[in-house]
Amino acid sequence: DSGVTQTPKHLITATGQRVTLRCSPRSGDLSVYWYQQSLDQGLQFLIQYYNGEERAKGNILERFSAQQFPDLHSELNLSSLELGDSALYFCASSAGLESTGELFFGEGSRLTVL
Amino acid sequence: GNSVTQMEGPVTLSEEAFLTINCTYTATGYPSLFWYVQYPGEGLQLLLKATKADDKGSNKGFEATYRKETTSFHLEKGSVQVSDSAVYFCALTSSASKIIFGSGTRLSIRP
């Protein structure tokens, strides 16, 4: 058990809809990262938050947004969903701002867009 | 830019066989290098790491040596088990706040 909790584990929705994925980081960790894992593109970095502030942005679409709340949990919002957004979305956390490479991953949220 | 390239899978081996999964990288400066493992139905977890040239990371019988001259960090294990079946990701730190992962190599071990 990594200590990182993600909900929901599975989500099925239709094109054009909006969903919210939730992540609770490991106790004491201030950084939260979001990754997208799809079959054909491996693990893609989306965005990082540190103590409530956005710190790094990767290949995140404009239809996607995220935030980190004062209690340090984070939410990833995906809107105007397309078939190609079907993927596993992972949240990871680390203690500090500067990553030493040691991330703790949740079990992921599997999104299926029909 | 910085990148990680690892051998494509799937890799299928018999139990007790020798394993090598190749990983090469491109990076400016002196990155730290990592192998993560993803067991079925689970998130990624750190397997081993090396933070400078010639360092050897090891864990659970797996080893990888940071080779600056060949920009490589190949994963090896002398005798694999069925329980090693998983997807393995090579990764590096490219900056203060971003980790870059390779595309992953699926490993299947036959009893």
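As a reminder, the structure under discussion sits directly above these lines.
Residues numbered from 1 in each chain as written. Chains lettered and ligands numbered in written order. Predicted model: local features only at pLDDT ≥ 70, side-chain atom pairs only at ≥ 80, totals over all residues. Heavy atoms only, no water.

Enquirer: Help me understand the state of the cysteines in this model?
Expert: Defined simply, a disulfide is a covalent bond joining two cysteines at their sulfur atoms. Residues and elements named next belong to chain B. Per the counting criterion, the structure on display carries two disulfides over all chains. Between the sulfur atoms of Cys23 and its disulfide partner Cys90 the distance amounts to 1.9 Å. Residues Cys23 and Cys90 share a disulfide whose torsion about the S-S bond is about -70 degrees; that sign makes it left-handed. Note that Cys23 is positioned in strand E4 (residues 23–26) and Cys90 in strand E10 (residues 86–95), a separation of 67 residues in sequence. Here Cys23 matches Cys90 in class, with each residue buried. (Disulfide = S-S within 2.5 Å. Helix = DSSP H or I, 4+ residues; strand = E, 2+ residues; numbered from the N terminus. Buried < 20%, exposed > 50% of the residue type's maximum accessible area, 1.4 Å probe, protein only.)

Enquirer: Just checking my understanding: could you explain the nonpolar core for this structure?
Expert: Generally speaking, nonpolar side chains in soluble globular proteins are found buried as a group. Judged by nonpolar contacts, the single largest core of 27 residues is most densely connected at Trp35, Leu47, Leu48, Phe73, Leu75 and Tyr88 of chain B. When contributions to this core are tallied by element, the ones reaching two or more residues are strand E2 (11–14), strand E3 (19–21), E4, strand E5 (33–38), strand E6 (44–50), strand E8 (62–65), E10 and strand E12 (105–110) of chain B. With four residues, E10 of chain B is the single largest residue contributor to this core. Setting aside its immediate chain neighbours within four residues, Leu48 of chain B contacts Leu33, Phe34, Trp35, Gly57, Ser58, Asn59, Phe62, Glu63, Ala64, Phe73 and Leu75 of chain B. In this structure, Val4, Ile47, Leu76 and Leu78 of chain A belong to the second largest nonpolar core, which totals 20 residues. (Core = buried A, V, L, I, M, F, W, Y, C linked by side-chain atoms within 4.5 Å. Contact = heavy atoms within 4.5 Å.)

Enquirer: How should I be thinking about the pattern of salt bridges in this particular structure?
Expert: Pairing between side chains of opposite charge can happen when the charged atoms of each approach one another. All names here are of chain A. Applying the stated criterion across every chain yields a total of eight salt bridges over all chains. Here Glu82 makes a salt bridge to Arg63, at a shortest N to O gap of 3.7 Å. Of this pair, Glu82 sits in the loop between strand E8 (74–78) and strand E9 (87–94) while Arg63 sits in the loop between strand E6 (53–57) and strand E7 (64–68), and the two are 19 residues apart along the sequence. On the accessibility criterion, Glu82 (43% relative accessible area) is partly exposed. (Salt bridge = Lys/Arg side-chain N within 4 Å of Asp/Glu carboxyl O.)

Enquirer: Looking at this structure, I do not really get the interface of chain A and chain B. What am I missing?
Expert: One frequently used descriptor of interface size is the decrease in accessible area upon assembly of the parts. Residue-level contacts link 19 residues of chain A with 16 residues of chain B. For the chain A and chain B pair, buried surface summed over both sides reaches about 1500 Å², with 57% attributable to carbon and sulfur atoms. The tally of links between chain A and chain B comes to one salt bridge. At the boundary of chain A and chain B, one finds three residue pairs in polar contact (both at pLDDT 80 or more). The set of elements that each furnish at least two residues to the side of chain A that touches chain B consists of strand E4 (31–38) and strand E5 (42–50) of chain A. Among the elements that make up the side of chain A that touches chain B, the one with the highest residue count is E5 of chain A (four residues). Taken together, the residues of the side of chain A that touches chain B sort by class into nine nonpolar, seven polar and three charged. (Buried area = accessible area lost by both parts, 1.4 Å probe. Polar contact = N/O pair within 3.5 Å; in protein donor to acceptor, adjacent residues only side chain to side chain. Nonpolar A, V, L, I, M, F, W, Y, C, P; charged D, E, K, R; others polar.)

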